[in-house]
Amino acid sequence: MNRQTAILVLGDQLSWQNPALNQVDAEHAVVILAEVGEEATYVRHNRHKIALLFSAMRHFAARLREQGYQVEYITIEQSVPSLLAACEGVVAQWRCERLIVCEPGEYRLRECMQNWPEQLGVPVECLADTRFLASQQDFSDWADGRKQLRMEYFYRDMRKRYRLLMEGDQPEGGKWNYDADNRSGWRGQRDIPPRPEPVVDEMTRDVVETVYRCFPDHPGDLSAFRWAVTHEAAQAELDWFCEHALPAFGTYQDALAEESPWLFHGLISMYLNCGLLDPLPVCEQVEAAYRRGHCSLSAAEGFIRQVLGWREYVRGLYWHHMPDYSKLNALSAMTPLPEWFWTGDTEMRCLSQALKQSLDLGYAHHIQRLMVIGNFALIAGLDVPAVCDWYLGVYVDAYEWVELPNTLGMALFADGGIMASKPYAASGKYIQKQGDHCKACRYDPKKVTGEGACPYNSLYWHFIDRHKDLLSNNPRMGLILGGWRKRSDDDREVVLNWADRTLEQIEAL
Ligand SMILES: Cc1cc2nc3c(=O)[nH]c(=O)nc-3n(C[C@H](O)[C@H](O)[C@H](O)COP(=O)(O)OP(=O)(O)OC[C@H]3O[C@@H](n4cnc5c(N)ncnc54)[C@H](O)[C@@H]3O)c2cc1C
Ligand code: SF4
């Protein structure tokens, strides 16, 4: 048996645009797809993520075979210890002369692959990942010589480059950004449309059983598995979103709701990140919905900014600053993660709901990740690497290139402001304004100290006080710091003492 080229397709590269697949004719290649324990367990990945990837890989392998590819598929039950071992077996069996792979999305794996040519005894070609809209070189060119790498300016360049929502060389409607229209809180103003769920077929049912058996200690309630595992099913999810949720997406983008984990969000990051959807057609479909009058400009712009702006920007930032980025801890945050991060058993209603759905479903929307969970971790000074591992573990869409800048940079301000112009720290007042959790909570969002006070309140001031020196260099923090400093010493002491007590009792909150 002899196939000259082995093509390794990683679990997050399940796209026909995968550059490795476009390099060689099907009859000369053998494609390797491998379910490997090491990749599923280097953090405690949610069973939703593992099941989504394994099932999507098996479906993709079937499609590849239909297209005439020879596929070597290694299942988790075969207990192959690593991706390298999987490749070794196939390269030897098929007497391959080279291996090609699209570059992995995580620094960790890319480093490992450096040694593969020697370990495998054949040349290994690692191809640039063309599935993103800005290459690593594009980002470095943009970043070069800039003092600050603000997403807004990157985003404007991307809008011009891809001609999305443009009128000639000007932004559609005259403004680049309609964020100010997109901040409404949730008071049950309208019905949230029920989401149809993708069909769970025989292959997915098998995978779900296997994942329960092989990953008994991982989070994730797979009785609620509701993810698409093929391109067509992911496209159907996007179609449903554009038709039914997009018109309200902008308005309620920052809202928090007791009744729904999804609200009007897209639920597409998991598909974009593993190759089942590609970012440009997604943006074009949303723009087309606006052009035919189906949604407002602020809804379409708000959505396109996330995919064309934030998603590409965080990836650029990740590769621009790795490997040092992962070690940053600018605020020296080291408090151990409370046990309830792994159960959701806290009486803080907003946090309990966000944690439980993250653990059970593998999903929380952006404001839950940033302003409920991330904000708590920031103001309580939780240990940065532990928080990052938690985020990388629990979400169905989590890969280090996107998780790390969002968690370490945006949520925890541990990069000292490379990503965010100020810390996303907020008191309970913000959470109360954005949603309806507080009425169901044992704590009172109006109280800062004393029995029943919302923990976010005193912890917020504790955060401001303990970082006042660093924050005083930030013009955007001037007003808040000024207000805090104007308060009497006694007043400040009462708040800080209560916050200390809150931190001492963190496990019991
Ligand atoms: C602390 C923290 C951790 C996060 N970790 C991840 C992660 O591991 N994986 C991940 O894909 N996203 C992550 N995000 C970004 C964002 O929260 C998710 O992309 C979004 O919630 C996914 O749900 P959705 O598809 O319904 O998004 P929507 O609200 O419908 O947004 C549309 C799309 O925009 C993109 N997007 C929006 N915001 C961001 C962002 N800040 N960075 C990158 N892409 C963005 C996503 O592809 C998303 O699907 C994180 C955000 C925070 C604050
Ligand atoms: S009172 Fe505080 S802890 Fe309770 S839901 Fe509101 S913000 Fe969250």
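Refer to the preceding data block for the structure.
Conventions and cut-offs
- Residues numbered from 1 in each chain as written.
- Chains lettered and ligands numbered in written order.
- Predicted model: local features only at pLDDT ≥ 70, side-chain atom pairs only at ≥ 80, totals over all residues.
- Helix = DSSP H or I, 4+ residues; strand = E, 2+ residues; numbered from the N terminus.
- Rg over C-alpha atoms; globule rule 2.2 N^0.38 Å.
- Buried ≥ 20, exposed ≤ 12 C-beta atoms within 10 Å, placed from the backbone.
- Contact = placed C-beta atoms within 7 Å.
- Pairing = 2+ DSSP bridges.
- Axes fitted to C-alpha atoms, helices over the stretch in contact; angles between N-to-C directions.
- Near = placed C-beta within 6 Å.
- Nonpolar A, V, L, I, M, F, W, Y, C, P; charged D, E, K, R; others polar.

## Section: the overall build of the protein
- The helix and strand tally for the protein stands at 21 helices and seven strands.
- For 509 residues, the compact-globule estimate of 2.2 N^0.38 gives 23 Å, and the protein sits close to it at 24 Å.
- Along the first, second and third principal axes, the C-alpha atoms of the protein reach 80 × 50 × 50 Å.
- Counting the 509 residues in the protein, one finds 49% classified as buried.
- Contacts in the protein between residues far apart in sequence, at least 24 positions, make up 77% of those at least 6 positions apart.

## Some remarks on the sheet that holds strand E4 (residues 98-102)
- Spatially, five strands are ordered E3-E2-E1-E4-E5 in an open sheet, and the strand pairing comes out parallel. In this open sheet, the two strands that pair with only one neighbour each are strand E3 (70-74) and strand E5 (124-127). Ignoring strand direction, the axes of neighbouring strands in this sheet form an average angle of 25°.
- The pairing of strand E1 (residues 5-8) with strand E2 (residues 29-34) spans four bridges and is parallel. Bridged to isoleucine 7 within E2 is valine 31.
- Where helix H2 (residues 47-66) meets the sheet, it contacts E2 and E3, and its direction lies at approximately 160° from that of E3.
- Against the sheet, helix H3 (residues 83-94) engages E1, E2, E3 and E4, with an angle of about 155° to E2.

## Let's talk about the site of ligand 2
- Within the structure, ligand 2 sits among 13 residues, and Cys350, Gly428, Cys438, Cys441 and Cys454 are positioned closest to it.
- Sort the elements by how many residues they give to the shell around ligand 2 and helix H17 (residues 428-434) lands first, with three residues.
- Here the shell around ligand 2 is composed, by residue class, of nine nonpolar, three polar and one charged.

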